[in-house]
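Below are the chains, spelled out letter by letter.
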Amino acid sequence: MAVDPALSLRVSEIKDPEVLFERYNTAEIRRVERKVRGEIEQKKEELRQMVGERYRDLIDAADTIGEMRQCSESVLQSIQDMHRYCHQLKQGRAGSNSCRQEGQTQWQEKFYTMASQIKLLLEIPERIWSAMEASQYLQATQLYLLCCHLHSLLQLGAATGGHYSPVLVRFPILVRQVATTGHFRSTILLESRSLLQGRAVSDQAIAEALVSTMLLEDSSPRQALADFLLARKASIHQLLNQPQHGAGIKAQVCSLVELLVTTLFQAYAVFYLPPEGGPRPGQGALSCGMLFSTLENVTSTTYAAKDRRLLQEETSTGRWFKYLPPSIIEFQPALRTLAKPIQREQLRDTLQQWIHTCKEDICRGVSSLLVYVKSLKGLAAIRDSVWDLLSTESISQHWSTVCQWLLERPLAVWDDFLQQLFLQRLQAITKEETEAISTSSIQLLTSTVRDLEGQTIPTSSATNPGSARGAQYEVDVASFLWSESPGDLLSDAGWVSVNQRGQQHQRSSLAMKTQAVTPFVQNFCSSLDAKLKARLDDLRHYLPFQDPGSDSSAVSAPPSGPSESASASSFNRFTDSPAVEDALREGCLACVRLILSSIRSELSSSSPHLSPARLSSVLFMARLCQSIGELCPNLKHCILGKHSSSEATAKGTPRQGKKLGKARATSEVSPAQTKWAALKEDLLVCSMEAYRIWSSALSKVLLDKFGTALHAESAGAILTTATNWEDLEIQEEAESGSNVTSNIRLPVQPSWFVQSLLFQLCVQVNRVGGHAVPRPTLQELLHTCLNQALHHYHTFTQQAPSREGVFPMTQNRALQLLFDLRYLNTILGSRVEEGKSSRSHQDPRFHEVCDWLESYIDPFDLDVFTPPLNTNLNRLSQRTSVLLGLLTGSDKQFAPRSSSGNSQEPYNILPLASSQTRFGLLPLSMSNVRKSKSAPRSCDATLQLRF
């Protein structure tokens, strides 16, 4: 379908009607006409809708246009009237103005004067804000007072009846200006007092802020001093209440000290005036009286003060400033009352009262801050920072002078304010740490004891082989001694000489084995020593610097020199070193005593009847108390402190120690050394108590078996305990004078139960490390065994001699029992001291039993048997001295062979080593040849003794 070209024609394209008639026919033109008329009607409808919707806006716009036309016509008319009026004035009054020119000039000057004042009044607020932003509060105060002066000149205050003044009526902008100016006073006062709280503010700024306060409040210098000290007290409270802990505490304490010192320096610089004849401000090293000099410069009206006028610079440069009246150009603030200087007594009393008040606040606040310091290193860091602050040249150079002028006495900031607080906190930290050490050590002790009691020795079903092996080592130290471990010798033990070996070599595994120190004891002591070392290392931060060339445990004396004692404001950081060492000493003593108390409580629960399960724990506690002093060298350093170095030096020079030991013993014993000796004595006593429990249980078990064998009643039981006798040939002189030869039989060995008692006793002593058991414990054990043996013998003598079924006492049995008794007394008895007879030294029961046994021997035979019996006894004692070395000891070494002619044969005496360091008594090499006759007997006796 073809498109009608007339309908596709747009109205906007119709420009010339003649073109339409040329291009289209009549029908098409009519269609174009209808189309155009339709669009016209559509546009009219849209226009009517738009006019209906925007009619009100159209009317308003039309009204506005009409008003604008009227206003412009009125303005044009007024301009034309002014032009006509001016033209008339120029023409009609040109001659009459000459007479009034002078009055017009005066009126113009008054107008310019008022205009300049109003302009200055409008500029002052901006200048005040600029001065306050630059912290020039004195200048802001002067501008504010000048503004108040302008208010009075312009009469800007409210008139009577609530009406404004004429100036405010003419210039309404000044109403808001007057309202704005009223807030400057409170703002300047607030900012000035805030400036007073700062510790990094110059003396001149403090003086200007105080002068500003005095001018605004019309106060006196005494009130300014009170404001200054009150602001500094508020600053102290603000520093103390800061929510900072940890590293911020050092900064807070240093800020407090700096604020306190700065306050006194600024009090001197601002308020102090020297007496008549003294140095004036600026003549000495320190300036003073700045408050009064600043106040004089601001309020002075003399000719010299003209160069310091508030508007001096603006007057010389500005054009309109020349119209200001002289009362404004030469304006100077003034006080209503005379500013009298503060008397020295009043200044001193006020400052001392302020110091006393601040001291209470500082002590309370610093104490609460130091609670968050958990180590002595932190305390030392704070103390050293305070010392560095007080040792600066700006403070230390004039501190004593300022204190003497202001307070008339020296003021030690550290000694009076902080030293006692730091010492109390140090003591509290030391007490807390040592209590923690004691608590953890007691827990370790309790757990170790429970582990030892819970392990059977040895069991194949042990859940923890290492713990079971440790429990076995406590009871059987021999298995620990002869076991090998990788740490027995250090890697450099082969090429480091004995003299160069340090503490690390002395605490090697092999050294611990030679001292019978079991792994459980080593673990406990190493744990305790490590904790004490941490305490000691922490404490050394608070003590004087250590000399690297000296002993590690010793501390050098405080350095004496200008750096430590020359400055008057600084302090000696180490004056409380004795108290610091005493705090650690008392804490360590209390810690060890708590451990000892726990050990004694464990021993008390084991003392009545020692069970086999608790035997290892009792021996562990005995060795622990015996080894703490040696295996915990830091315990000794903590208690002795600086005296440990002198003791180490004395140990390093044995020859000098031997020569001077007696002389120094009575004169150089310090209280610390006395306490250390008392602590070692307590440890030894506790160790002896534990060993006593073990020895009592051991002696009871062995002597019960001994008593059972001794009280055997049947002949068979007696024969099972019999040993070898020796046949001897003796010659006697008959009544006729001839020699008679006879053979006798005498015992050469004790009974089997006696040998078993001594051997088992020696075995048990060796099992627990007899070479490391204290000698008094061994002597007490032997003494207890001998007493119980004598008790059994004495009980045996009290039995009825003739009972049915009891083997009677014969001469041979009496000889054997007598030999046994004397042999036991020789081995187990103590050595006879010189000057005392053997009978007076021995137990009376021994002689009673001997007499009772000798009563069953023929007197004639007893006289014959006694010499060879004594010989056999001495020989047996010497032969068994090696095997029973721990029971005999070095104090029972037998004398060499007698030189008398009565001796029948040279015996094989084994001389014993007089010094024992690691092992028991060992024989020295000596070659002696016995007779071939006695050699087999000796071999047989040795074999029998070895079972």
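Computed from a prediction, not measured in an experiment: that's the story for all the values here.

Chemist: Explain the overall build of the protein to me, please; I cannot follow it from the model alone.
Modeler: Per the secondary structure count, the protein includes 40 helices and two strands. The buried share of the protein, reckoned over its 947 residues, is 40%. Sequence separation of 24 or more characterises 76% of the internal contacts of the protein that already satisfy a separation of 6 or more. Carbon and sulfur atoms make up 53% of the accessible area of the protein, which amounts to about 52600 Å² in all.

Chemist: Any chance you could explain the pairing of strand 2 (residues 739-747) here in plain terms?
Modeler: Each regular strand shows side chains that alternate between the opposite faces of the sheet. As defined by bridge partners, strand 1 (residues 725-733) adjoins strand 2 across nine bridges and the pair is classed as antiparallel. In the sheet register, Glu726 faces strand 2, and the bridge partner there is Leu746. Taking the residues between adjacent antiparallel strands as the criterion, strand 1 and strand 2 are bridged by five residues, where Gly737 takes a positive phi near 95°.

Chemist: Looking at this structure, I do not really get the confidence of the model for the protein. What am I missing?
Modeler: The predicted coordinates of low-pLDDT regions are not to be read in fine detail. Taken as a whole, the protein shows an average pLDDT of 76; of its residues, 73% reach a score of 70 or greater. Within the protein, the element-level pLDDT minimum falls on helix 40 (residues 935-945), averaging 37, and the maximum on helix 15 (residues 344-370), averaging 91. In this model residues 457-463 is a low-confidence stretch, pLDDT under 50, and it forms seven contacts with partners more than four residues away in sequence or in other chains. Confidence drops under a pLDDT of 50 for residues 547-568, and excluding neighbours within four residues, the segment shows 37 contacts in the predicted structure.

Chemist: Help me understand the pattern of salt bridges, please; the structure alone is not making it clear to me.
Modeler: Enumeration over the complete set of coordinates arrives at 27 salt bridges. The partner of Arg600 in a salt bridge is Glu689, with the nearest N and O atoms 3.6 Å apart. Taken together, the residues Arg600 in helix 26 (residues 577-604) and Glu689 in helix 31 (residues 671-710) connect sequence positions 89 residues apart. A salt bridge links Arg875 to Glu726; its shortest N-O distance comes to 3.7 Å. You can see Arg875 sitting in helix 38 (residues 859-879) and its partner Glu726 sitting in strand 1, a full 149 residues away along the chain. On the basis of relative accessibility, which here comes to 11%, the residue Arg875 falls in the buried class. Through salt bridges with shared partners, one network takes in Arg450, Glu453, Glu602 and Arg614.

Chemist: What exactly am I supposed to notice about the side chain of Thr723 here?
Modeler: With respect to the helices and strands, the residue Thr723 is situated in the loop between helix 32 (715-720) and strand 1. We classify Thr723 as buried; its relative accessible area is 11%. Reaching out from Thr723, the side chain makes a polar contact with the backbone oxygen of Gln749 at a distance of 3.1 Å. One polar contact links the side chain of Thr723 to the main-chain carbonyl oxygen of Pro750, over a distance of 3.3 Å. In this view, Thr723 contacts Gln749, Pro750, Ser751, Trp752, Gln755 and Gln816; residues no more than four positions away in its chain are not counted.

Chemist: What is the right way to look at helix 27 (residues 612-631) in this model?
Modeler: An α-helical segment advances 3.6 residues per turn. Residues three or four places apart therefore align on the same side. Over its 20 residues, helix 27 runs 28 Å from end to end, which matches the ideal 28 Å to within 8%, given 1.5 Å per residue. For helix 27, the principal kink sits at Cys625 and spans about 35°. Within helix 27, 15 of the 20 residues are buried, which leaves it mostly tucked inside the rest of the structure.

Chemist: Help me understand the packing of aromatic side chains in this model?
Modeler: Geometrically, a pair of aromatic rings is defined through the distance of the ring centres and the angle of the planes. Across all of its chains, the model carries 13 aromatic pairs by this definition. With centroids separated by 6.2 Å and ring planes inclined at 75°, the aromatic side chains of Tyr691 and Trp694 adopt a geometry described as edge-to-face. A residue pair is termed a helical-turn pair when its members lie 3 or 4 positions apart in one helix, as Tyr691 and Trp694 do in helix 31 at three residues. With respect to class, Tyr691 is no different from Trp694; both count as buried. Taken together through their ring pairs, the aromatic side chains of Tyr268, Tyr272 and Trp405 make up a single cluster. The residue whose ring lies beneath Arg383 is Tyr542, and the NZ or CZ to ring-centre distance is 4.3 Å. One Lys or Arg, Arg573, reaches over the ring of Trp387 and ends 4.1 Å from the middle of that ring.

Chemist: Would you mind showing me how to read the environment of Asn25 here?
Modeler: Here Asn25 lies in the loop between helix 1 (17-23) and helix 2 (26-53). A distance of 3.4 Å separates the side chain of Asn25 from the backbone nitrogen of Ala27, its partner in a polar contact. Within the structure, Asn25 has its side chain in polar contact with the backbone nitrogen of Glu28 (distance 2.8 Å).

Chemist: Where do I start with unusual backbone geometry in this structure?
Modeler: Backbone phi values are negative for most residues with the exception of glycine, while trans is the configuration of most peptide bonds. One non-glycine residue with positive phi stands out, namely Asp218, at about 55°. The backbone of Glu408 sits at a positive phi, close to 60°, despite the residue not being glycine. By the secondary structure assignment, Glu408 is in the loop between helix 18 (399-406) and helix 19 (413-454). What makes Glu408 partly exposed here is its relative accessible area of 38%.

Chemist: Any chance you could explain the packing of helix 19 against helix 24 (residues 519-540) here in plain terms?
Modeler: The packing of two helices is summarised by the inter-axis angle and the distance between the axes. Taken N-terminus to C-terminus, the directions of helix 19 and helix 24 make an angle of 170°; their axes are 11 Å apart at the nearest point. Of the possible angle classes, the one that applies to helix 19 and helix 24 is roughly antiparallel. Contact residues: Ile429, Glu433, Ile437, Ser440, Ser441, Leu444, Leu445, Thr448 and Leu452 in helix 19; Phe520, Phe524, Ser527, Leu528, Lys531, Leu532 and Arg535 in helix 24. Considered class by class, the residues forming the contact of helix 19 with helix 24 number nine nonpolar, four polar and three charged.

Chemist: What is the right way to look at the packing of helix 33 (residues 752-767) against helix 35 (residues 811-828) in this model?
Modeler: At a minimum axis separation of 10 Å, helix 33 and helix 35 run at an interaxial angle of 15°. Comparing the axis directions of helix 33 and helix 35 gives the class roughly parallel. In the crossing of helix 33 with helix 35, the sense of the turn from one axis to the other is right-handed. Here helix 33 contributes Phe753, Val754, Leu757, Leu758 and Leu761 to the contact with helix 35, which in turn contributes Asp820, Tyr823, Leu824, Ile827 and Leu828.

Chemist: What am I meant to see in the nonpolar core here?
Modeler: If you look at soluble globular proteins, the nonpolar side chains tend to sit buried side by side. Counting residues in each nonpolar core, the largest one holds 206 residues, and the members touching the most others are Phe271, Leu418, Leu635 and Phe706. Take this core: its biggest share by element is 15 residues, from helix 11 (residues 248-271). Other than its neighbours up to four places away in sequence, Leu418 contacts Val253, Val257, Ile362, Val366, Val386 and Val413. The next biggest cluster of nonpolar side chains, apart from the first, holds five residues, and it includes Leu9, Leu20, Tyr24 and Val32.

Chemist: Before we go on, may I ask you to explain a nonpolar patch on the surface in this structure?
Modeler: A cluster of nonpolar side chains, Leu47, Met50, Val51, Tyr55 and Ile59, forms an exposed patch at the surface whose accessible area comes to about 450 Å². Sorting the residues of the nonpolar patch by element identifies helix 2 and helix 3 (55-92) as the ones contributing at least two each. No other element matches the three residues that helix 2 contributes to the nonpolar patch. Note that Leu47 resides in helix 2. With relative accessibility at 46%, the residue Leu47 sits in the partly exposed group.

Chemist: What should I look at first to understand the environment of Lys110 in this one?
Modeler: Checked against the element boundaries, Lys110 lands in helix 4 (residues 101-133). Look at Lys110 and you get exposed, because its relative accessible area is 63%. Measuring from C-alpha to C-alpha, the distance between Lys110 and Tyr323 comes to 8.8 Å, with 213 residues separating the pair along the chain.

Chemist: Please explain helix 12 (residues 290-299) as it appears in this structure.
Modeler: Listing the buried residues of helix 12 in full gives Met290, Leu291, Phe292, Thr294, Leu295 and Val298. For helix 12, the secondary structure elements touched by its buried residues are helix 5 (137-154), helix 9 (203-217), helix 10 (221-240) and helix 11.

Conventions used here
- Sequence order as written defines residue numbering, which begins from 1 separately in each chain.
- Reporting of local features is limited, given that this is a predicted model, to residues whose pLDDT is at least 70; pairs of side-chain atoms are given and counted only at 80 or more, and all residues count toward the totals for whole chains, interfaces and linings.
- Heavy atoms from the whole structure form the basis of all side-chain values; hydrogens and water molecules are not counted.
- A run of H or I in DSSP counts as a helix once it spans at least four residues, and a run of E counts as a strand once it spans at least two, with each numbered from the N terminus.
- Here's how the labels work: a residue is buried when its accessible area is under 20% of the maximum for its type, exposed when over 50%, partly exposed in between, all with a 1.4 Å probe on protein chains only.
- Should any heavy atoms of two residues lie within 4.5 Å, those residues are considered in contact.
- Each accessible area is a Shrake-Rupley result for a 1.4 Å probe, and residues are judged covered by the shown protein chains and nothing else.
- In short, DSSP must find at least two bridges between two strands for them to pair.
- Predictor confidence is given residue by residue as pLDDT, running from a minimum of 0 to a maximum of 100.
- Each reported salt bridge corresponds to a side-chain nitrogen of Lys or Arg within 4 Å of a carboxyl oxygen of Asp or Glu.
- Think of a polar contact as two N or O atoms within 3.5 Å of one another; within protein, one of them needs to be a possible hydrogen donor and the other a possible acceptor, and neighboring residues in sequence only count if both atoms come from side chains.
- Under the convention used throughout, the expected extent of a helix is 1.5 Å for every residue step, that is, one less than its residue count.
- Throughout, the bend at a residue refers to the angle made by two axes, fitted to the seven residues ending there and to the seven starting there.
- What counts as a ring pair is set by centres within 6.5 Å for rings of Phe, Tyr and Trp (its six-membered ring), and what kind of pair is set by the plane angle: stacked under 30 degrees, edge-to-face over 60, tilted for all other angles.
- Two thresholds decide whether a charge sits over a ring: the Lys NZ or Arg CZ must be within 6 Å of the ring centre and within 35 degrees of the ring normal.
- Between N-to-C directions, angles span 0 to 180 degrees; the directions come from axes that are lines fitted to C-alpha atoms, helices contributing only their stretch in contact.
- Any angle between 65 and 115 degrees counts as roughly perpendicular, while under 35 counts as roughly parallel, over 145 as roughly antiparallel, and the rest as oblique.
- All residues other than Ala, Val, Leu, Ile, Met, Phe, Trp, Tyr, Cys, Pro, Asp, Glu, Lys and Arg, Gly among them, are scored as polar; the first ten of these are nonpolar and the last four charged.
- With the far helix as reference, a near helix turned anticlockwise by less than a right angle produces a left-handed crossing, and one turned clockwise produces a right-handed crossing.
- Put simply, a nonpolar core is a bunch of buried Ala, Val, Leu, Ile, Met, Phe, Trp, Tyr and Cys residues held in one set by side-chain atoms that sit within 4.5 Å of each other.
- Residues enter a patch when their relative accessible area is above 30% and they make no salt bridge; the linking distance is 9 Å between like charges and 5 Å between nonpolar side chains (Val, Leu, Ile, Met, Phe, Trp, Tyr).

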